Amino acid sequence: MLDTLYSVAEEAGKTPAQTAINWLLNSRGVTAPIIGARTMEQLEANIGSAGWSLTNDQLSRLTKASESFVSYPYDIDAINQRTKGRE
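Residues numbered from 1 in each chain as written. Predicted model: local features only at pLDDT ≥ 70, side-chain atom pairs only at ≥ 80, totals over all residues. Heavy atoms only, no water.

Draft legend 1. Representation of a nonpolar patch on the surface. On the surface, Ile35, Met40, Leu43 and Ile47 cluster together into a nonpolar patch covering about 360 Å² of accessible area. Positionally, leucine 43 belongs in helix H3 (residues 40-47). (Patch = residues over 30% accessible without salt bridge, like charges linked within 9 Å, V, L, I, M, F, W, Y side chains within 5 Å. Areas by Shrake-Rupley, 256 points an atom, 1.4 Å probe, with all protein chains shown as cover. Salt bridge = Lys/Arg side-chain N within 4 Å of Asp/Glu carboxyl O. Helix = DSSP H or I, 4+ residues; strand = E, 2+ residues; numbered from the N terminus.)

Written out as structure tokens, the structure is:
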């Protein structure tokens, strides 16, 4: 996952944190990512996550890299959850 994140961040010209937060902002089911900044510098850097867009390819790569392996029999339910609503 981290290799993909760093690669996409470099392509986008953003920090890995900005890239990850931007990806979350574009992820289905995430309504408000909590950035947890402890300093003004962190807050300002994290605000840089908004106002730009990752490409569809970058979003897909990050989503694929973040998927966790689910073993049988739970994999059947996971597949159903991912495809639900796409019909």
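Draft legend 2. Structural detail: the nonpolar core. Leu5, Val8, Trp23, Trp52, Leu54, Leu59 and Leu62 form the largest nonpolar core, which has seven residues in total. Secondary structure elements with two or more residues in this core: helix H1 (2-12) and helix H4 (56-66). Excluding its chain neighbours within four sequence positions, the residues that come into contact with tryptophan 23 are Leu54, Leu59, Leu62, Thr63 and Ser66. (Core = buried A, V, L, I, M, F, W, Y, C linked by side-chain atoms within 4.5 Å. Buried < 20%, exposed > 50% of the residue type's maximum accessible area, 1.4 Å probe, protein only. Contact = heavy atoms within 4.5 Å.)

Draft legend 3. A look at the side chain of asparagine 46. By secondary structure assignment, the location of asparagine 46 is in helix H3. A relative accessible area of 13% places asparagine 46 in the buried class. Leave out the neighbours within four places in its chain, and asparagine 46 touches Ala17, Ile21, Ile35 and Ala37.

Draft legend 4. The arrangement of the side chain of asparagine 22 in detail. Summarising the element assignment, asparagine 22 is placed in helix H2 (residues 16-25). According to the relative accessible area criterion, asparagine 22 is buried, its value standing at 2%. What asparagine 22 contacts, discounting residues up to four positions off in sequence, is Ser49, Trp52, Ser53 and Leu54.

Draft legend 5. View of the confidence of the model for the chain. Of the residues in the chain, 83% reach a pLDDT of 70 or more, and the chain-wide mean stands at 87. Here helix H5 (residues 74-83) is the element of the chain with the lowest mean pLDDT, 66, and H1 is the one with the highest, 97. (pLDDT = per-residue confidence, 0-100.)

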